[in-house]
Amino acid sequence: MADLDLLTQSLARNVRRWRTERGFTLDTLAARAGVSRGMLIQIEQARTNPSIGTVVKIGDALGISVTTLLDYEQGPKVRVVPADQAVRLWHTEGGSYNRLLAGTEAPGPLELWDWKLMPGEHSDADPHPAGTVELVHVTAGELTLEVDGVRHAVPAGASATFEADAPHTYGNEGDVPTRMVMAVSVPPVR
């Protein structure tokens, strides 16, 4: 089975499983996630490959990580994710991308990401649930981090943390690629 087919099947199974575990109807999850009921039906029937934004919204609404939504096996207490199994969820023709390196539930979703932003490119993010925190560490170039309309320069070697329940953008206004590692902690659904 191809990687994309495996992810599509895993997403279908896991959305259905976690929706049922939370006691959410399709309509309830659609309203919480801000996606259509029809989209959820297509996802649960493995008939579509939704955007990363849609997957993040569903994970946030269910209170679980993207990693958990895409996990295709029940892992042991220690889970080693080989480099070739990191999941690229966003990319541009210019060479920018993000990769989900690993994730867990602790007690809410906790994710570790690897990002590359090419000069002049950016990625906008919708607000996450209240209490969500992001940590970024820039390893090369300079990140222009905009949170709720306020811009912050984060140079190589520096780190930043912010409450991610406001609109935010990761951008590269420099002349060289920006590389960063990011951790996202989402509170559990109550």
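Shown above is the structure to which this text applies.
Fair warning: this is a prediction, and the values are worked out from it, not measured in the lab.

J.: Just give me the short version of the overall build of the protein, but keep the residues and values in it.
T.: Counting its secondary structure elements, the protein contains 5 helices and 10 strands. Taken over the C-alpha trace, the protein has a radius of gyration of 17 Å; the compact-globule value for 190 residues is 16 Å, and the two agree within 12%. Across its three principal axes, the protein shows a C-alpha extent of roughly 45 × 35 × 35 Å. Put simply, the protein has 190 residues, and 42% of those count as buried. When contacts within the protein are restricted to residue pairs at least 6 apart in sequence, those whose partners lie at least 24 apart make up 63%. Only carbon and sulfur atoms are counted for the fraction: they give 52% of the accessible area of the protein, which is about 10,000 Å².

J.: I'd like a rundown of the environment of Ala12, residues and numbers included.
T.: Structurally, Ala12 can be placed in helix α1 (residues 3-22). Taking relative accessible area as the criterion, Ala12 reaches 3% and is therefore assigned buried. Residues Ala12 and Gln42 lie 30 residues apart in sequence; the distance between their C-alpha atoms is 8.5 Å. Ala12 has contacts with Ile43, Glu44 and Ala46, leaving out every residue within four places of it along the chain.

What counts as what
Residues numbered from 1 in each chain as written. Predicted model: local features only at pLDDT ≥ 70, side-chain atom pairs only at ≥ 80, totals over all residues. Heavy atoms only, no water. Helix = DSSP H or I, 4+ residues; strand = E, 2+ residues; numbered from the N terminus. Rg over C-alpha atoms; globule rule 2.2 N^0.38 Å. Buried < 20%, exposed > 50% of the residue type's maximum accessible area, 1.4 Å probe, protein only. Contact = heavy atoms within 4.5 Å. Areas by Shrake-Rupley, 256 points an atom, 1.4 Å probe, with all protein chains shown as cover.

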